[in-house]
Amino acid sequence: MVWTPEPTYAKPDISVRATTLYYEIAAQLLLPFAERRLLNLYRCREGKCFFQRNREHPPTGTEFDDKVHFEAVVQKNGRTERYLYVESANEIVSCAKVQTVEFHAWGSRAGEVETPDRMVIDLDPGEGVGFGAVKDAALQLRRSFGALGLDSFALLTGGKGVHVVVPLTPQARWEEVREFAKLLCITLAEQAPDRFTIALPKKQRRGRIFLDFLRNQRTATAILPYSARARSGMPVATPVDWDEINDIDRSDHFGIADVEALLARAKSRKLKVWGVASQSLPGFR
């Protein structure tokens with residue numbers, strides 16, 4: 001793989017061409033969540049998949065020069081990297097045409113890189129944990145956020161878990177959002193250690209749900225709503241309303257073949273406002 005020094009993963013049995021067709025139809029759904037948000041793209045080519053983390057990593061990012069926009073971001077090591085972002089549905093399709101399958105994104109947008117506008121808790125089930133337990137955990141997390149005066153939203157990841165997403169007015173900085181998410185997850189894990197854990201080693205997660213708060217830090221990313229997933233069956237990360245989550249049987253319930261249904265769902269009264277809330281962390285109100 002002379003074209004990238006980055007880690008690569010075996011390409012699953014998927015059709016990148018079919019994925020591109022999906023984005024030609026569904027880019028309008030993805031755009032409100034992707035627009036001006038710094039992106040980390042999962043691309044598949046030559047039998048392998050890899051993350052396009054920014055323009056320079058890996059060097060194949062030069063293929064995007066005339067297709068997207070870039071934001072210069074100074075890293076902790078003092079080096080400046082140019083991160084990709086899009087401003088239109090056509091630019092999303094352009095990314096798909098250069099083998100992008102998945103759209104992952106920062107919690108902040110170009111021009112406001114240091115102040116995230118969302119918080120994400122990833123509910124990742126350990127070995128032996130069914131999707132019913134994940135749904136119960138998502139509802140528990142919703143109640144916890146509600147007690148703190150925050151609205152939250154459920155996203156099927158298209159894998160095994162659920163993301164609970166909390167939109168924010170971009171005021172608090174990364175370290176403050178991360179600490180808030182960390183303390184909440186620690187509290188839940190301490191109150192129900194048989195159900196939850198914040199332990200990173202997978203062997204310690206067996207039979208429990210990993211509360212992943214680490215997505216709430218600078219350069220960390222999360223899958224975007226309506227992004228396809230590079231997995232068998234081509235599932236789609238899909239927003240769901242809290243009232244319907246109990247009727248969903250798995251995280252990969254929707255796929256790219258359901259694009260017409262996804263378009264219709266997105267127009268529904270409740271999902272039209274999915275992920276929209278004007279709110280701040282306690283202490284910033």
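Summarised in this report is the structure supplied together with it. As the structure is a computational prediction, the values presented were derived from the model and not from experiment.

It is worth spelling out the overall build of the protein at this point. On a plain count of helices and strands, the protein comes out with five helices and 13 strands. For 285 residues, the compact-globule estimate of 2.2 N^0.38 gives 19 Å, and the protein sits close to it at 18 Å. Taken along the three principal axes of its C-alpha coordinates, the protein extends 50 × 45 × 40 Å. The proportion of buried residues among the 285 residues of the protein is 55%. Only carbon and sulfur atoms are counted for the fraction: they give 48% of the accessible area of the protein, which is about 12,800 Å².

What follows is about the layout of surface pockets. Taken as a whole, the largest pocket encloses approximately 1,000 Å³ of empty space. For the lining of the largest pocket, the elements supplying multiple residues, two or more each, are strand E6 (100-109), strand E7 (118-125) and strand E11 (209-212). Sorting elements by how many residues they give to the lining of the largest pocket places E7 first, with four residues. By residue class, the composition of the lining of the largest pocket is twelve nonpolar, ten polar and twelve charged. Considered as a void within the structure, the second largest pocket measures approximately 540 Å³ in volume. If you go around the second largest pocket, you meet 27 residues; those closest to its centre are Pro32, Phe33, Trp274, Gly275 and Val276. Every element with two or more residues in the lining of the second largest pocket is listed here: helix H1 (16-34), E7, strand E9 (162-167) and helix H5 (259-266). Of the residues assigned to the lining of the second largest pocket, the class counts are 18 nonpolar, three polar and six charged.

Another point: the sheet that holds strand E10 (residues 196-197). Strand order across the open sheet formed by six strands is E10-E11-E7-E9-E8-E13, with mixed pairing between neighbours. Strands with a single pairing partner mark the edges of an open sheet, and in this sheet they are E10 and strand E13 (238-240). Strand direction decides the pairing type here: E7 and E11, joined by four bridges, are antiparallel. Bridging across to E11, Asp122 finds its partner in Asp212. Running at roughly 35° to E7, helix H4 (residues 174-191) makes contact with E7, E10 and E11 of the sheet.

Residue placement: Thr19 occurs in helix H1. Not counting residues within four places of it along the chain, the set of residues in contact with Thr19 comprises Thr100, Val101, Ala228, Met234 and Ile256.

For the rest of this paragraph, the subject is the pairing of strand E5 (residues 80-85). Pairing between strand E4 (residues 69-74) and E5: six bridges, direction antiparallel. Paired with His69 across the two strands is Tyr85, which belongs to E5. As consecutive antiparallel partners, E4 and E5 are separated by five residues, and within that stretch Gly78 has a phi angle of approximately 90°, a positive value.

The next thing to look at is unusual backbone geometry. Cis geometry is adopted by the peptide bond preceding Pro58, which originates at His57 and carries an omega value of -5°. In this fold, Pro58 is placed in the loop between strand E3 (48-52) and E4. In this structure, Arg36 is a non-glycine residue whose phi angle is positive, near 65°. For Arg36, the position within the fold is in the loop between H1 and strand E2 (37-45).

Residue Thr19 is classed as buried on the basis of its relative accessible area of 0%. Within the structure, Thr19 has its side chain in polar contact with the backbone oxygen of Ser15 (distance 2.9 Å).

Before going further, it helps to spend a moment on H4. Given a rise of 1.5 Å per residue, 18 residues ought to cover 26 Å, and the 26 Å separating the end C-alpha atoms of H4 matches this to within 8%. For H4, the set of buried residues is Trp174, Val177, Phe180, Ala181, Leu184, Cys185, Leu188 and Ala189. The buried residues of H4 occupy an angular sector of 160° when projected down its axis, which confines them to one face. Exposed positions of H4 whose direction lies more than 90 degrees from the buried face are Glu175, Glu190 and Gln191. Each element contacted by the buried residues of H4 is listed here: E6, E7, helix H3 (131-147), E10 and E11.

Rules behind the numbers
Residues numbered from 1 in each chain as written. Predicted model: local features only at pLDDT ≥ 70, side-chain atom pairs only at ≥ 80, totals over all residues. Heavy atoms only, no water. Helix = DSSP H or I, 4+ residues; strand = E, 2+ residues; numbered from the N terminus. Rg over C-alpha atoms; globule rule 2.2 N^0.38 Å. Buried < 20%, exposed > 50% of the residue type's maximum accessible area, 1.4 Å probe, protein only. Areas by Shrake-Rupley, 256 points an atom, 1.4 Å probe, with all protein chains shown as cover. 1 Å grid on protein atoms, 1.4 Å probe; cavity = no way out; pocket = protein on both sides within 12 Å on 5 of 7 lines; lining within 4 Å. Points joined across faces, edges and corners; volume = space filled by probe spheres on them. Nonpolar A, V, L, I, M, F, W, Y, C, P; charged D, E, K, R; others polar. Pairing = 2+ DSSP bridges. Contact = heavy atoms within 4.5 Å. Axes fitted to C-alpha atoms, helices over the stretch in contact; angles between N-to-C directions. Polar contact = N/O pair within 3.5 Å; in protein donor to acceptor, adjacent residues only side chain to side chain. Expected span 1.5 Å × (residues − 1). Arc of directions from axis to C-beta.

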